[in-house]
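Descriptive analysis of the structure
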Amino acid sequence: MGCFDALSARQIAAGIVAGDFSATEVARASLDAIAARDGQVQAFLQLSEDRALAAAAKTDAARAAGEVLPPLAGVPVAFKDNMNLMGTRTTCASRMLETYESAYTATCVQRMLDAGVTPMGKLNMDEFAFGSTTDSSAFHPTNNPWDTTRVPGGSSGGSAAAVASGEITIALGSDTGGSIRQPASLCGVVGMKPTYGMVSRFGVVAFGSSLDQVGPFGRHVEDVALALNALTAGGHDRFDSTSQDGEQDFLAHLNDSIEGRSVGVIPALFEAKGLAPEVRTALQRAADKLADAGANIIEVDLPNMASAIAAYYVIAPCEAFSNLARYDGVRYGYQEPGCSTLAEQSSLSRAHGFGAEAKRRQMLGAYLLSSGIYEKYYLAAQKVRTLITADYRRAFKQVDAILMPASPTPAWKHGAISDPAELYLADIYTISNNIAGNCGISVPVCLGAESGLPIGAQLQGPVFADAQLLTFARALERSCSMEGVVAPGFSGRGGEL
């Protein structure tokens, strides 16, 4: 047969069950693909070859013994490096945690392992998930497989790039303000942020605890649905008080018709300042395709969406400051040598262990939580959050899903945007979704006529309507020609079965 990167997760698992190939062959093909491609893409921080081959051998032994294999048996998967996996390092792409060995395995990772996946390793990210480019990684930037001079997006850029280049089939990322959907759009893959609380975050290093959510990347909507089945298997996790009993079959209605269903569009977004013309064209194409599939396109409004960026960059830095206070160079993390006092050690460990963006966000959070400032900004931001959430509730009384861009532009060149405030605007269309806790997904729609780069359309749905959102995403995917596409120059290079 051809290259494994042409196969979906279902096809790989079915092929292993049928004996068309073994899990070990798939694992070795993935390792070959990584060896051939990752020198250019730089998606991985740690490759777990021995663990992958051991897991694949276990799958093959189970099949030989006549056991019923789990749904993702032998599928190559890798994890963003803020997710603990015992036997690997969890660095968050930071010098602060460069040598930290995972003491346990995150629930989301364990549930994927329980579903039979072959764990290929840990993926690059913006340091502590602070960024939209993956350039703030302390170790190396990740490159966009469609054009390696460009960013893959962030903070889950390694996850998106590894899937887009065909190195692996599924990846896990985390999304605090768009960190799954934005890189998915820039790399031409499917990326989903489930409803807040749908997936356990136990064992995932926290950024913004009221905003973070774990979600999957894949080259097919079906792959994302299969991963979400695994991630929610078992329902509520007693180790994460925010997790819900969301276990369900996300494949059951995946291919249902959307005839007569409704999709909301926000006219002002089509004319928004900073929206690239080719993204506007792609968004209109997505609306037309959904209409052709039978959906009713209805104009809606989210009047407070314009305030989402301001609210987010108050709430998120405050939560980041709180979550990262534990990294003091005493209990764990980078420890500055040669210090004579505890205060000096803590100060210098943090100064040298954290990168520029991590320090910027923590300093901002410290300021916003200070006496006299907290009431003026943090409380106001929480009130805006209430307004944005109410806007979504009203809109979802009219429509089943809302269509908007995932990123205002296609992927840009490394270093082309140096102003942090301008980088923050890369998440302008995704942040409101995290603030309200709704589900969202980015689906590749087309290649930009000017850039030749992939452009994704974002669909957002009500809380815990993730299965319904996947139905809309699948309908959009069926009508476009981007399903399963591997970035040019990478398809077929290594990884053959």
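Before reading further, recall that the structure is shown in the block above.
One structure accompanies this document, and this report is about it.

Analysis parameters
- Residues numbered from 1 in each chain as written.
- Predicted model: local features only at pLDDT ≥ 70, side-chain atom pairs only at ≥ 80, totals over all residues.
- Heavy atoms only, no water.
- Axes fitted to C-alpha atoms, helices over the stretch in contact; angles between N-to-C directions.
- Helix = DSSP H or I, 4+ residues; strand = E, 2+ residues; numbered from the N terminus.
- Parallel < 35°, antiparallel > 145°, perpendicular 65-115°, else oblique.
- Contact = heavy atoms within 4.5 Å.
- Nonpolar A, V, L, I, M, F, W, Y, C, P; charged D, E, K, R; others polar.
- 1 Å grid on protein atoms, 1.4 Å probe; cavity = no way out; pocket = protein on both sides within 12 Å on 5 of 7 lines; lining within 4 Å.
- Points joined across faces, edges and corners; volume = space filled by probe spheres on them.
- Core = buried A, V, L, I, M, F, W, Y, C linked by side-chain atoms within 4.5 Å.
- Buried < 20%, exposed > 50% of the residue type's maximum accessible area, 1.4 Å probe, protein only.
- Expected span 1.5 Å × (residues − 1).
- Polar contact = N/O pair within 3.5 Å; in protein donor to acceptor, adjacent residues only side chain to side chain.

Details of the packing of helix α9 (residues 277-292) against helix α16 (residues 466-479)
- Look at α9 against α16: their axes get within 9 Å of each other, and the N-to-C directions meet at 100 degrees. Relative to α16, the element α9 is oriented roughly perpendicular. Residues Ala286, Lys289 and Leu290 of α9 form the contact with α16, whose own contacting residues are Phe472, Leu476 and Ser479.
- Tallied by class, residues from the contact of α9 with α16 come to four nonpolar, one polar and one charged.

Some remarks on empty space enclosed by the protein
- What the rule picks out here adds up to three cavities of 30 Å³ or more.
- The computed volume of the largest cavity comes to approximately 50 Å³.
- If you go around the largest cavity, the residues you meet are Ala129, Gly131, Ser132, Gly177, Gly178, Ser179, Phe207, Tyr312, Tyr313, Arg361 and Asp427.
- Taken together, the residues of the lining of the largest cavity sort by class into four nonpolar, five polar and two charged.

Describing the nonpolar core
- Within the largest apolar cluster, 158 residues are counted, with the highest numbers of intra-cluster contacts made by Leu72, Cys108, Met112, Phe128, Leu403 and Leu470.
- Considering each element in turn, this core owes the most residues, eleven residues, to helix α10 (residues 308-324).
- Those residues in contact with Leu470 that lie beyond four places of it in its chain are Met192, Val221, Val224, Ala225, Leu228, Phe250, Leu254 and Ile441.

Looking at α16
- Compared with an ideal rise of 1.5 Å per residue, which puts 14 residues at 20 Å, α16 spans 20 Å between its outermost C-alpha atoms and is within 8% of the ideal.
- Considered for burial, the residues of α16 that qualify are Asp466, Ala467, Leu469, Leu470, Thr471, Phe472, Ala473, Arg474, Ala475, Leu476 and Glu477.

What about the environment of His236?
- Within the element layout of this structure, His236 appears in the loop between α7 (221-232) and β7 (262-265).
- Assessed through its relative accessible area of 40%, His236 is described here as partly exposed.
- For the pair formed by His236 and Cys446, sequence separation is 210 residues and the distance between their alpha carbons is 37 Å.
- Ignoring anything within four residues of it in the chain, the contact list for His236 reads Arg111, Ser243, Gln244 and Asp245.
- Reaching out from His236, the side chain makes a polar contact with the backbone oxygen of Ser243 at a distance of 2.7 Å.

Some thoughts on the side chain of Gln458
- Position of Gln458 relative to the elements: it lies in strand β11 (residues 454-461).
- For Gln458, a relative accessible area of 0% puts it in the buried group.
- Here Arg181 takes part through its side chain, which lies 2.7 Å from a polar atom of the side chain of Gln458.
- A polar atom in the side chain of Gln458 sits 2.7 Å from the backbone oxygen of Pro405.
- When residues no more than four places from it in sequence are discounted, the contact partners of Gln458 are Arg181, Ile402, Leu403, Met404, Pro405, Ala406, Tyr429, Thr430, Ile441 and Ser442.

Some thoughts on the side chain of Arg150
- Note that Arg150 resides in the loop between β3 (118-123) and α5 (157-164).
- Looking at Arg150, its side chain comes within polar contact range of the main-chain oxygen of Ala411, at 2.8 Å.
- When sequence neighbours within four positions are dropped, the list of residues in contact with Arg150 reads Thr142, Asn143, Asn144, Ala411, Trp412, Lys413, His414 and Leu453.

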